[in-house]
Amino acid sequence: TPVALTQFEVRLRYLKHQLPVDWSAPQAKKLSGVKDIYEIRFQADGVQWRPLGFFLDDESFVILVWANHKGRVYEPADSIKTAGKRRKQIVGGEASSVPLKINGEDV
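Right, let's walk through the structure included here. (Residues numbered from 1 in each chain as written. Predicted model: local features only at pLDDT ≥ 70, side-chain atom pairs only at ≥ 80, totals over all residues. Heavy atoms only, no water.)

Some words on the overall build of the protein chain
(1) Moving on: Within the protein chain one finds two helices and ten strands.
(2) Moving on: Going residue by residue from the N terminus, the α and β elements of the protein chain occur as α-β-β-β-β-β-β-β-β-α-β-β.
(3) Moving on: For 107 residues, the compact-globule formula gives about 13 Å, and the C-alpha radius of gyration of the protein chain, at 13 Å, lands near that figure.
(4) Moving on: When its C-alpha atoms are laid out on the principal axes, the protein chain stretches across 35 × 30 × 25 Å.
(5) Moving on: In the protein chain, buried positions account for 36% of the 107 residues.
(6) Moving on: For the protein chain, the share of sequence-separated contacts (at least 6 apart) that also reach a separation of at least 24 residues comes to 36%.
(7) Moving on: Summed over all atoms, the accessible surface of the protein chain reaches about 7000 Å², with 51% contributed by carbon and sulfur.
(8) Moving on: In the protein chain, which carries 16 positive and 13 negative side-chain charges, the distance between the mean positions of the two groups comes to 7 Å. (Helix = DSSP H or I, 4+ residues; strand = E, 2+ residues; numbered from the N terminus. Rg over C-alpha atoms; globule rule 2.2 N^0.38 Å. Buried < 20%, exposed > 50% of the residue type's maximum accessible area, 1.4 Å probe, protein only. Contact = heavy atoms within 4.5 Å. Areas by Shrake-Rupley, 256 points an atom, 1.4 Å probe, with all protein chains shown as cover. Lys, Arg positive; Asp, Glu negative; His and termini not counted. Charge placed at Lys NZ, Arg CZ, Asp CG, Glu CD.)

Dropping the structure here:
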């Protein structure tokens, strides 16, 4: 939705000026139990959105899965597992990423 996209863009613009070690709640959180996966945290339209990704380097964050979160449940249910698999594929050179554009602008 337009509201979710706006909230996501606001969160990204804030986080891009933070060092990876400074990504913490409530804006973001490193997930436990999976290697180097973070969730970007924001709410829009009554939904807790949780794009999952990792730092490819100190300046590049790769979004791997777009999920939402309620209680302790992610939707899609296998979001964390999928993010881990995709991270391995990118790090291993089996997959690649592209820059994110919102309204035609690199974010």
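Brief notes about the sheet that holds strand 2 (residues 38-40)
(1) Moving on: The strand order 1-2-5-6 describes an open sheet built from four strands, whose pairing is antiparallel. Each edge of the sheet is formed by a strand with only one pairing partner; in this case those strands are strand 1 (28-30) and strand 6 (61-65). Pairwise comparison of adjacent strand axes, ignoring direction, gives a mean angle of 35° for this sheet.
(2) Moving on: Inspection of the sheet shows strand 5 (residues 52-55) paired to strand 6 by four bridges, in the antiparallel sense. The residue bridging F54 from the neighbouring strand is V62, located in strand 6.
(3) Moving on: The sheet strands contacting helix 1 (residues 2-15) are strand 1, strand 2 and strand 6, and the helix crosses strand 2 at an angle near 125°.
(4) Moving on: On top of the sheet, helix 2 (residues 79-91) reaches strand 5 and strand 6; it is set at about 135° to strand 6, its chief contact. (Pairing = 2+ DSSP bridges. Axes fitted to C-alpha atoms, helices over the stretch in contact; angles between N-to-C directions.)

A word on helix 2
(1) Moving on: In a regular helix each residue adds 1.5 Å, so 13 residues correspond to 18 Å; helix 2 covers 18 Å between its end C-alpha atoms and thus fits that length.
(2) Moving on: Among the residues of helix 2, S79, T82, A83, G84, R87 and I90 are the ones counted as buried.
(3) Moving on: Here the buried face of helix 2 lies against strand 5, strand 6 and strand 8 (73-75).
(4) Moving on: Positive backbone phi, approximately 80°, marks G93, located one or two places after helix 2. (Expected span 1.5 Å × (residues − 1).)

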